[in-house]
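# Secondary and tertiary structure notes
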Amino acid sequence: MSAITTSKPKAPVDNNGSLGSRVFDTLNVIVLIGLALITVLPLLYVLAGSFAGEAEISSRPFFLWPEKIVTDAYEYIFATDTFVRALVTTVIVTAVGTVVQLGLTFTMAYPLAKRYLPGRALVLNLVIFTLVFSGGMIPTYLVVRDLGLLDSYWALILPLAINPFYLIIIKSFFQELPQALEEAARIDGANEMGVFFKIVLPLSKPIIATFSLFYAVAIWNDYMSPLLYINDPNKWTLQILVRQLTNTDAANALAQMDRTWVPPEQGLKFAVVVIATLPILFFYPFLQKHFAKGVLIGSVKE
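Cut-offs applied
Residues numbered from 1 in each chain as written. Predicted model: local features only at pLDDT ≥ 70, side-chain atom pairs only at ≥ 80, totals over all residues. Heavy atoms only, no water. Helix = DSSP H or I, 4+ residues; strand = E, 2+ residues; numbered from the N terminus. Contact = heavy atoms within 4.5 Å. Buried < 20%, exposed > 50% of the residue type's maximum accessible area, 1.4 Å probe, protein only. Salt bridge = Lys/Arg side-chain N within 4 Å of Asp/Glu carboxyl O. UniProt positions renumbered as here; feature names shortened; annotations may be inferred. Phe/Tyr/Trp six-rings, centres within 6.5 Å; stacked < 30°, edge-to-face > 60°. pLDDT = per-residue confidence, 0-100. Patch = residues over 30% accessible without salt bridge, like charges linked within 9 Å, V, L, I, M, F, W, Y side chains within 5 Å. Areas by Shrake-Rupley, 256 points an atom, 1.4 Å probe, with all protein chains shown as cover. Axes fitted to C-alpha atoms, helices over the stretch in contact; angles between N-to-C directions. Parallel < 35°, antiparallel > 145°, perpendicular 65-115°, else oblique. Nonpolar A, V, L, I, M, F, W, Y, C, P; charged D, E, K, R; others polar. Expected span 1.5 Å × (residues − 1). Core = buried A, V, L, I, M, F, W, Y, C linked by side-chain atoms within 4.5 Å. Polar contact = N/O pair within 3.5 Å; in protein donor to acceptor, adjacent residues only side chain to side chain.

Looking only at helices and strands, the protein has 14 helices and zero strands in total. N-terminal to C-terminal, the α/β element order of the protein is α-α-α-α-α-α-α-α-α-α-α-α-α-α. A separation threshold of at least 6 residues defines the contact pool for the protein, and within that pool the share at least 24 residues apart is 70%.

Put into structure tokens, the structure is as follows:
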């Protein structure tokens, strides 16, 4: 009679502590730290340069802490009507533009999410067409001019009011919402507007936060539209002012600003860049929670 041998089940192999796993983790950490330094160091240099004197900026090619902290550039910036006006203009245009662009995009995406909408396929094909082809700079300028929008802040908002790529993503998000909730609201007597504002929008907070950030950053950083459509220096946005200070002769740029003293030219450029960047960096942490959820829209779900 042959002996019956029983084998014990093998314990699961834990590879977390293997040499290959540790090497892989180490390389990942090194690469991520390197990418973080590449991103952060230029920002730190600009921030340090905004508090440095002209002689130090000229003599030291790179530094992360000034030898002597000088605030002349910031005092000069906030003492000039030109910069304060450009800053306030940019804040207002960004706020109004974000609301308008979100409103138009969401109100267009919601009906396109309904498969029973007549002409839905034609409209979607036209939207997709604009992803590949566009009129170009000159035809767009002619349209803006003929509509009487030159030297108007609406020229910075309306031509780019609906991003077709964002529209398609938001439409897909609306299609994934539970239809039972909308049907229950209609049974309770809600019309389409009531369903949209009371059911759909409250469920869309992650995507609202995500595309609010996308639209706001695009408007805040846009300098091509003001460059094309705004001819009045009193209506300049902050990005145009930054461009004037960084890409043109500094003396001419400074001559256009009200001043009682002349700050360091390089320090002024750094200070303007810092102030133009801080608002987006300030608001991002408040939207990070919803932003992390919103960027996963359309991903594989369990």
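So, next bit.
Before going further, it helps to examine helix α9 (residues 192–200). Along α9, the residues that are buried comprise G194, V195, F196 and V200. On its buried face, α9 is in contact with α4 (81–112), α7 (164–176) and α8 (179–187).

This brings us to the pattern of salt bridges. Throughout the structure, instances matching the rule amount to four salt bridges. Taking the shortest distance from any N to any O, the salt bridge between E182 and K114 comes out at 2.5 Å. Here the residue E182 occupies a position in helix α8, and K114 occupies one in the loop between α4 and α5 (120–132), the gap between them amounting to 68 residues. For E182, a relative accessible area of 1% translates into the label buried. Taken together, the salt bridges that share partners define one network made up of K114, E182, R186 and E192.

Further remarks concern unusual backbone geometry. Residue D151 is not a glycine yet carries a positive backbone phi of 60 degrees. Checked against the element boundaries, D151 lands in the loop between α6 (137–146) and α7. Judged by its relative accessible area of 26%, D151 is partly exposed.

If you check UniProt for "transmembrane region" (unreviewed entry), the listed places come out as residues 27–48, 86–110, 122–141, 153–174, 195–220 and 267–287 in our numbering. The straight-line gap between the two end C-alpha atoms of residues 153–174 is 31 Å; of that span, 50% is helix and 0% is strand. Its end C-alpha atoms 32 Å apart, residues 195–220 is made of 85% helix and 0% strand.

Scanning all chains against the criterion turns up 16 aromatic pairs. Here the aromatic rings of F165 and Y166 are separated by 6.4 Å at their centres, their planes lie at 55 degrees, and the arrangement is tilted. Between the aromatic rings of F173 and F174, the centroid separation amounts to 6.1 Å while the plane-to-plane angle is 55 degrees, which identifies the pairing as tilted. Three or more aromatic residues joined by ring pairs make a cluster, and in this case those are F106, Y110, F173, F174, F196 and F197.

Turning our eyes to something else, we now look at the confidence of the model for the protein. Note that predicted coordinates carrying low pLDDT should not be read in detail. Looking at the protein as a whole, the pLDDT averages 80, with 82% of positions reaching at least 70. Mean pLDDT across the elements of the protein ranges from a minimum in helix α13 (residues 250–255), with 51, to a maximum in α4, with 90. Note on residues 298–302: pLDDT under 50 across the span, and two contacts to partners over four residues away in sequence or across chains.

Further remarks concern a nonpolar patch on the surface. Residues F78, V84, V88, I92, V96, W154 and L158 make up a contiguous nonpolar surface patch of about 610 Å² in total accessible area. Along the chain, V84 turns up in helix α4.

What follows covers the environment of I199. Residue position: I199 is located in helix α9. On the accessibility criterion, I199 (24% relative accessible area) is partly exposed. Linking I199 and L181, residues 18 residues apart in sequence, is a C-alpha distance of 7.3 Å. Leaving out residues up to four positions away in the same chain, I199 has contacts with L181, A185 and G194.

Relative placement of two packed helices is described by the angle separating their axes and the distance separating the axes. Where α5 meets α7, the closest approach of the two axes is 9 Å, and the angle between their N-to-C directions is 140 degrees. As far as their axial angle goes, α7 and α5 are oblique. Across the interface between the two elements, R120, L124, V127, I128, T130 and L131 of α5 pack against P164, F165, L167, I168, K171 and Q175 of α7. Looking at the contact of α5 with α7 residue by residue, the class counts come to eight nonpolar, two polar and two charged.

Turning to helix α10 (residues 205–221), a few remarks are in order. Taking 1.5 Å of rise per residue, 17 residues should cover 24 Å, and α10 covers 24 Å from first to last C-alpha, within 8% of that figure. All buried positions along α10 are accounted for by P206, I207, A209, T210, F211, S212, L213, Y215, A216, I219 and W220.

In this structure, F63, I77, F83, L238, L241, L268 and V272 are the most contacted members of the largest nonpolar core, which totals 32 residues. Those elements giving two or more residues to this core turn out to be α1 (19–50), α3 (72–79), α4, α10, α12 (238–247) and α14 (265–294). Tallying contributions element by element places α14 first for this core, with seven residues. Each residue touching L238, except ones within four places of it in the same chain, is listed here: F83, A86, L87, T90, W220 and A276.

Mapped onto the fold, Q101 is located in helix α4. Only 3.4 Å separates the side chain of Q101 from the backbone oxygen of I157, close enough to count as a polar contact. In this view, Q101 contacts I157, L160, A161, Y215 and I219; residues no more than four positions away in its chain are not counted.

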